[in-house]
Amino acid sequence: MGKVTGFKEFERHDRKYLPVAERITNYNEFVVPLPEDEIKTQAARCMDCGIPYCHNGCPVMNQIPDWNDLVYNSDWQEASRNLHSTNNFPEFTGRICPAPCEASCTLNIDDNPVTIKTIECAIVDRAWNEGWIVPDVPEKNTGKKVAVVGSGPAGLAAAQQLARAGHAVHVYEKQAKPGGLLRYGIPDFKMSKHLIDRRVKQMEAEGVTFHCNRHVGVDTDVAELERTHDAVLLSGGSEHPRDLNVPGRELDGVHFAMDFLRQQNKRVSHEDLGDVLPILAEGKHVVVIGGGDTGSDCIGTSIRQGALSVTQLEIMPAPPEKENKGLSWPNWPLKMRTSSSQAEGAARDFAVATTKLTGENGKVKTLHGIRLDGAMKPIAGTEFELPADLVLLAMGFTNPVHQGMLKDLSVSLDLRGNVKANTIGYKTNRWKVFAAGDMRRGQSLVVWAIREGRQAACAIDEFLMGTTLLPR
Ligand SMILES: Cc1cc2nc3c(=O)[nH]c(=O)nc-3n(C[C@H](O)[C@H](O)[C@H](O)COP(=O)(O)OP(=O)(O)OC[C@H]3O[C@@H](n4cnc5c(N)ncnc54)[C@H](O)[C@@H]3O)c2cc1C
Ligand code: SF4
């Protein structure tokens, strides 16, 4: 523990954002790092609790009090080593994790948790700047070959762990570049894509081979992958979007969020958009249906593209402004949160449902909605209309895509339509086929995908070698 009285002496200070007027002019990250002295002061606030609830709050079980202590004592290199022992990609989570660890922090009982995520990000950013993060090449090769389908955080974490255990790892990705939703979903202003490129280079030097533009189950036969590899990991995400079944859904200008977001991320990276209709918010009244992360990303992107107005609709009632700590701590509480994108100028409405969309000349013009009561029943007389030139559907994802790879493999599915495998063996009903990340657990978080990738790698290593030294 760094400073015994730190938590009594110092208040929580976290990273600030660049002003809205400045940040919406571009797609760059806008979170301003804290200076080194302030990071050390914030690390000094950690109480090194007898039971560190943050360990369990963090899905990868980062050893948070240990690296807080190391940072307070200026041993940044050891802090980075410790952090990487549980998390392959802390520069991703240090930017985009919702930080359930901070909800679990004992200091959060009076709303003043340690700035865990900020300290995590500072450790790894410094480690990259200092050149401490280098390829970790295995001493010997096992002669085993593993295929990983999908290069999101689950596939990347699994591939890195398996390569470090000495296996020849081949990652198959249908998109042009690796990264999954880190690359083509989450906007650049939340996470710059050079961070993924840097990790991909590290992984290539560790022996991972990336095969992009390879759609398994479409242009690449999954049975062939099974035949030519000693194990196959399915980490293709949960890509089937929830649709809105109302009259007018077919009008021009009504799109799934991912079609909109993927295009913008490609534009920022100067990637070829392919043969698709451009979806742009400039000069339009935008309505985003769905109140989660994806909806927020649509708001920030629409505002940067020059939307006339952005309104976000949520079917659930507004959550309470403040949680009841006695009931919720150390768990993740349901409460009103305002994302950085929502703070950039979106109007928000809760407990509303869309009844239909109408338009002119085949193009959407108006969204028709109604308010809902506590039982989510429409309240007569509360009908309303909103101007809507672009409607973005961000209501989540129901399950992985079944057509193609999963059907060809005949893997068993769970009741929600995800690939069935438990979190001990990560094994599907097929002999050498495993599953991890959103494809197994349903839509979730980057940090959960990293955890599942790491744990699945451990299970695969044990399957191949009879024993494993990889951490779970
Ligand atoms: C818009 C958006 C914003 C989000 N924001 C956040 C956030 O801020 N913080 C957070 O923690 N989480 C966020 N999430 C959730 C998070 O991104 C996911 O939970 C996480 O990326 C899941 O990782 P994964 O590796 O399981 O799958 P994915 O990231 O979905 O990656 C799956 C990969 O598999 C590839 N693939 C699929 N099928 C095949 C096939 N048959 N052949 C070859 N390749 C295939 C896909 O192209 C993709 O690259 C967000 C999600 C979305 C949609
Ligand atoms: S990965 Fe997420 S939950 Fe874990 S320490 Fe980092 S911010 Fe907290």
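Above this text you will find the structure in question.
Anyway, here's the lowdown on the structure attached to this text. Along each chain, the written sequence defines residue order, and numbers are assigned to residues from 1. Chains carry letters and ligands carry numbers; both start at the beginning, A for chains and 1 for ligands, and go up in the order they are written. Given that the model is predicted, a residue must reach a pLDDT of at least 70 before its local features are reported, and side-chain atom pairs must reach 80 or more before they are shown or counted; all residues, however, enter totals for whole chains, interfaces and linings.

1. Notes on the overall build of the protein chain
Our working rule: Secondary structure is summarised from DSSP: a helix means a run of H or I of at least four residues, a strand means a run of E of at least two, and numbering begins at the N terminus for each. Whether a residue is buried, exposed or partly exposed is read from the other C-beta atoms within 10 Å of its own C-beta, which are placed from the backbone; 20 or more gives buried, 12 or fewer gives exposed, and intermediate counts give partly exposed. The contact criterion used is a C-beta to C-beta distance within 7 Å, with each C-beta placed from the backbone.
Secondary structure summary: the protein chain contains 19 helices and 17 strands in total. In terms of overall dimensions, the protein chain has a C-alpha envelope of 65 × 60 × 40 Å along the principal axes. Looking at the protein chain residue by residue over its 472 residues, the buried ones come to 46%. Across the protein chain, contacts joining residues at least 24 apart in sequence account for 69% of those joining residues at least 6 apart.

2. Notes on the site of ligand 1
Which entries qualify depends on this criterion: Nearness is defined per residue: the C-beta atom, placed using the backbone, must lie within 6 Å of the molecule or strand. Residues are grouped as follows: Ala, Val, Leu, Ile, Met, Phe, Trp, Tyr, Cys and Pro are nonpolar; Asp, Glu, Lys and Arg are charged; every other residue, Gly included, is polar. Boundary definitions for the domains trace back to an automatic or database domain assignment.
Taken together, 38 residues surround ligand 1, and among them Gly150, Gly152, Gly180, Gly237 and Gly437 come closest. Of the residues in the shell around ligand 1, the class split is 16 nonpolar, 17 polar and five charged. Structurally, the shell around ligand 1 is a two-domain feature, drawing no fewer than three residues from each of domain 2 (145-239 + 399-465) and domain 3 (243-395).

3. Quick word on the site of ligand 2
Near ligand 2 there are 14 residues, and of these Cys58, Thr93, Cys97, Cys101 and Lys117 occur at the shortest range. Where the shell around ligand 2 is concerned, the elements lending two or more residues are α8 (100-104) and α9 (116-130). If one sorts the elements of the shell around ligand 2 by residue count, α9 sits on top with three residues. Its residues assigned to classes, the shell around ligand 2 comprises nine nonpolar, three polar and two charged.

4. Re the sheet that holds strand β6 (residues 231-234)
Note the following rule: For two strands to be treated as a pair, DSSP must find at least two bridges joining them. Where helices are involved, their axes are fitted lines through C-alpha atoms of the stretch in contact, as for all axes, and angles between N-to-C directions lie from 0 to 180°.
The strand order β5-β4-β3-β6-β17 describes an open sheet built from five strands, whose pairing is parallel. A strand with exactly one partner marks an edge of an open sheet, and here the two such strands are β5 (208-211) and β17 (433-435). On average, each strand axis in the sheet is inclined to that of its neighbour by 20 degrees, with strand direction left out of account. As paired elements, β6 and β17 share three bridges and run parallel to each other. What sits directly across from Leu234, in β17, is Ala435. Relative to strand β4 (residues 168-172), helix α10 (residues 153-164) is tilted by about 165 degrees, and along the sheet it contacts β3 (145-149), β4, β5 and β6. Of the strands in this sheet, β3, β6 and β17 are in contact with helix α19 (residues 446-465), which crosses β6 at around 165 degrees.

5. Quick look at the nonpolar core
Proteins that are soluble and globular tend to have nonpolar side chains buried together. Condition: Here, a nonpolar core means buried Ala, Val, Leu, Ile, Met, Phe, Trp, Tyr and Cys residues linked by C-beta atoms lying within 7 Å of one another.
Grouped together as the largest cluster of nonpolar side chains are 85 residues, with contacts concentrated most on Val71, Ile123, Ala158, Ala159, Leu233, Phe434 and Ile460. Both of domain 1 (6-130) and domain 2 (145-239 + 399-465) provide at least three residues apiece to this core. Residues in contact with Leu233, not counting those within four places in the same chain, are Val146, Val148, Val149, Ala158, Phe434, Ala436, Ala456 and Ile460. Membership of the second largest hydrophobic core comes to 28 residues, among which are Leu261, Ile299, Val310 and Val391.

6. Details of unusual backbone geometry
Of note, the bond from Trp329 into Pro330 is cis; its omega dihedral lies within 30 degrees of zero at 5 degrees. You will see that Ala99, though not glycine, has its phi angle at about 60 degrees, which is positive. Structurally, the position occupied by Ala99 is in the loop between α7 (90-96) and α8. Exposure remark for Ala99: the 22 C-beta atoms within 10 Å place this residue in the buried category.

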